[in-house]
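Residues per chain, in single letters:
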Amino acid sequence: MIPGVPGESQVYLNGEFLRMDEAKVSVLDRGFIFGDGIYEVVPVYQGNAFRMAEHLDRLDRSLAALRIAQPFDRAGWTDLIQQLLDRTNLDTCIVYLQVTRGVAKRDHSFPSPAVTPTVFGMISAWAPPSAEHRSQGLAAISIPDERWLHCEIKSVSLLGNVLAKQQAVDAGVDEVLQFRDGYLTEGASTNIWVVSGGKLLAPPKNNLILEGIRYGLMGELAAEAGIPFESRRISQAEVEQADELMLSSATKEVLAIVSLDGKPVGEGKPGPVFERLRAGYDARIAAL
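Residues numbered from 1 in each chain as written. Predicted model: local features only at pLDDT ≥ 70, side-chain atom pairs only at ≥ 80, totals over all residues. Heavy atoms only, no water.

## Examining the overall build of the chain
1) Next: If you tally the helices and strands in the chain, you get 8 helices and 15 strands.
2) Next: Its C-alpha atoms give the chain principal-axis dimensions of about 55 × 40 × 35 Å.
3) Next: Taken over 288 residues, the chain has a buried fraction of 47%.
4) Next: Considering only contacts in the chain between residues 6 or more positions apart, those separated by 24 or more positions represent 68%.
5) Next: Within the structure as shown, the chain displays about 13800 Å² of accessible surface, and the carbon and sulfur contribution to it stands at 54%.
6) Next: The centroid of the 28 positive side-chain charges in the chain is displaced by 3 Å from the centroid of its 37 negative side-chain charges. (Helix = DSSP H or I, 4+ residues; strand = E, 2+ residues; numbered from the N terminus. Buried < 20%, exposed > 50% of the residue type's maximum accessible area, 1.4 Å probe, protein only. Contact = heavy atoms within 4.5 Å. Areas by Shrake-Rupley, 256 points an atom, 1.4 Å probe, with all protein chains shown as cover. Lys, Arg positive; Asp, Glu negative; His and termini not counted. Charge placed at Lys NZ, Arg CZ, Asp CG, Glu CD.)

## Section: helix H2 (residues 52-66)
1) Next: For H2, built from 15 residues, the straight-helix expectation of 21 Å at 1.5 Å per residue is met to within 8% by its first-to-last C-alpha distance of 21 Å.
2) Next: Every buried residue of H2 is listed here: Met52, His55, Leu56, Arg58, Leu59, Ser62, Leu63 and Leu66. Taken around the axis of H2, the buried residues stretch over an arc of 155 degrees, which confines them to a single face.
3) Next: Close packing links the buried residues of H2 with strand S3 (37-45), strand S4 (48-49), helix H3 (74-86), strand S5 (93-100) and helix H6 (213-225). (Expected span 1.5 Å × (residues − 1). Arc of directions from axis to C-beta.)

## Section: the pattern of salt bridges
Side chains carrying opposite charge are able to pair once their charged atoms draw close together.
1) Next: Summed over the entire model, instances satisfying the criterion amount to 21 salt bridges.
2) Next: Close ionic contact of lysine 199 with glutamate 230 constitutes a salt bridge, the shortest N to O distance being 3.1 Å. In this pair, lysine 199 is assigned in strand S11 (residues 199-202) and glutamate 230 in strand S12 (residues 229-231), connecting sequence segments 31 residues apart.
3) Next: Connected through salt bridges with shared partners, the residues Arg51, Glu54, Glu220, Glu224 and Arg284 form a single ionic network. (Salt bridge = Lys/Arg side-chain N within 4 Å of Asp/Glu carboxyl O.)

## Looking at the packing of aromatic side chains
1) Next: Enumeration over the complete set of coordinates arrives at 11 aromatic pairs.
2) Next: Taking 5.3 Å as the distance between ring centres and 65 degrees as the angle between the ring planes, the aromatic pair formed by tyrosine 12 and phenylalanine 17 counts as edge-to-face.
3) Next: By relative accessible area, phenylalanine 17 is classed as partly exposed at 23%.
4) Next: Among the aromatic residues, those joined into a ring-pair cluster are Tyr12, Phe17, Phe72 and Trp77.
5) Next: Over the face of the ring belonging to phenylalanine 110 we find arginine 101, whose NZ or CZ atom lies 3.6 Å from the ring centre.
6) Next: Above the plane of the ring of tyrosine 183 lies arginine 233, whose end atom (NZ or CZ) is 3.7 Å from the centre. (Phe/Tyr/Trp six-rings, centres within 6.5 Å; stacked < 30°, edge-to-face > 60°. Lys NZ or Arg CZ within 6 Å of the ring centre and 35° of its normal.)

## Examining the nonpolar core
1) Next: Within the largest apolar cluster, 35 residues are counted, with the highest numbers of intra-cluster contacts made by Tyr96, Trp193, Leu200, Met246, Leu277 and Tyr281.
2) Next: Within the second largest apolar cluster, 22 residues are counted, among which are Trp77, Leu80, Ile81 and Val95. (Core = buried A, V, L, I, M, F, W, Y, C linked by side-chain atoms within 4.5 Å.)

## Notes on unusual backbone geometry
For residues that are not glycine, phi is negative in most cases, and the peptide bond is trans in most cases.
1) Next: Across the junction of serine 112 and proline 113, the peptide omega takes the value 0 degrees, indicating a cis bond.
2) Next: Considering the arrangement of structural elements, one finds proline 113 in the loop between S5 and strand S6 (118-125).
3) Next: Although it is not a glycine, asparagine 14 adopts a positive phi angle of roughly 50 degrees.
4) Next: Checked against the element boundaries, asparagine 14 lands in the loop between strand S1 (10-13) and strand S2 (16-19).
5) Next: For asparagine 14, a relative accessible area of 44% puts it in the partly exposed group.
6) Next: One non-glycine residue with positive phi stands out, namely aspartate 181, at about 55 degrees.
7) Next: For aspartate 181, the location among the structural elements is in the loop between strand S8 (175-180) and strand S9 (183-184).

## Examining the packing of H6 against helix H8 (residues 272-286)
1) Next: Two elements in contact, H6 and H8, have axes separated by 9 Å at closest approach and are oriented at 110 degrees. Classified by the angle their axes make, H6 and H8 are roughly perpendicular. Relative to H8, H6 is oriented so that their crossing is right-handed. Contacts between H6 and H8 pair Arg214, Leu217, Met218, Glu220, Leu221, Ala222, Glu224 and Ala225 from the former with Arg276, Leu277, Gly280, Tyr281 and Arg284 from the latter.
2) Next: The residue makeup of the contact of H6 with H8, split by class, is 7 nonpolar, 1 polar and 5 charged. (Axes fitted to C-alpha atoms, helices over the stretch in contact; angles between N-to-C directions. Parallel < 35°, antiparallel > 145°, perpendicular 65-115°, else oblique. Left-handed = near helix turned anticlockwise from the far one by under 90°. Nonpolar A, V, L, I, M, F, W, Y, C, P; charged D, E, K, R; others polar.)

Next comes the structure, spelled out in structure tokens:
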């Protein structure tokens, strides 16, 4: 038994639906040996997957970047997700999907001929951010970004992110803001947003950040609210002088950061741009 993980919950593994405690993967799976695989996380509200098409688009991009064969077409992935949802009594939850290159003799180069990818899927219980987090905001610290240079791939090789997140835990805060060569990249598991002079700013979509599914959504919400939006490099000095800071992710949705490195951000509480974007986000969820 794994604490906090119900062994009787149903998971998908390589064509079968099994109890969690019955699912087994080979020790020679390249995901285990090398972290050679990708994953995707889809939030579900009241039984409805949120922006699933965008999540599957990113899954396609990650598989292509690692040259892993696509196990399913779009209809196949959609059907798999629905079958997982049909096997749970949770209506607000997270769908986790993972694809590794598969099982092969341990060798750094890709197996030749190619092997069959390992496909895994599961449902996890999840609660959206609390009213307290929404109203009071979060705290963060600044750290150097020491990860690899292909953060745009949603890879299961997440050691750099794990170490970054642990720095937040050790400091007693909610998240880190990472900087590479003096410019903002992202959090340990979130995209970061800066408000300056009424304008919403985000680091550019490149290999230094994972383009969160909320990245495109935040741009849409800003346009709907009449908030100017710009994607560009953002210096650490700009972040430290920001009127507002926010983070976004599948599980955090969008939340304000009200403290950075022990100092208040703006007035030290969620600001007006956050409130307008949050209202738009809530409306999108309500429309599912």
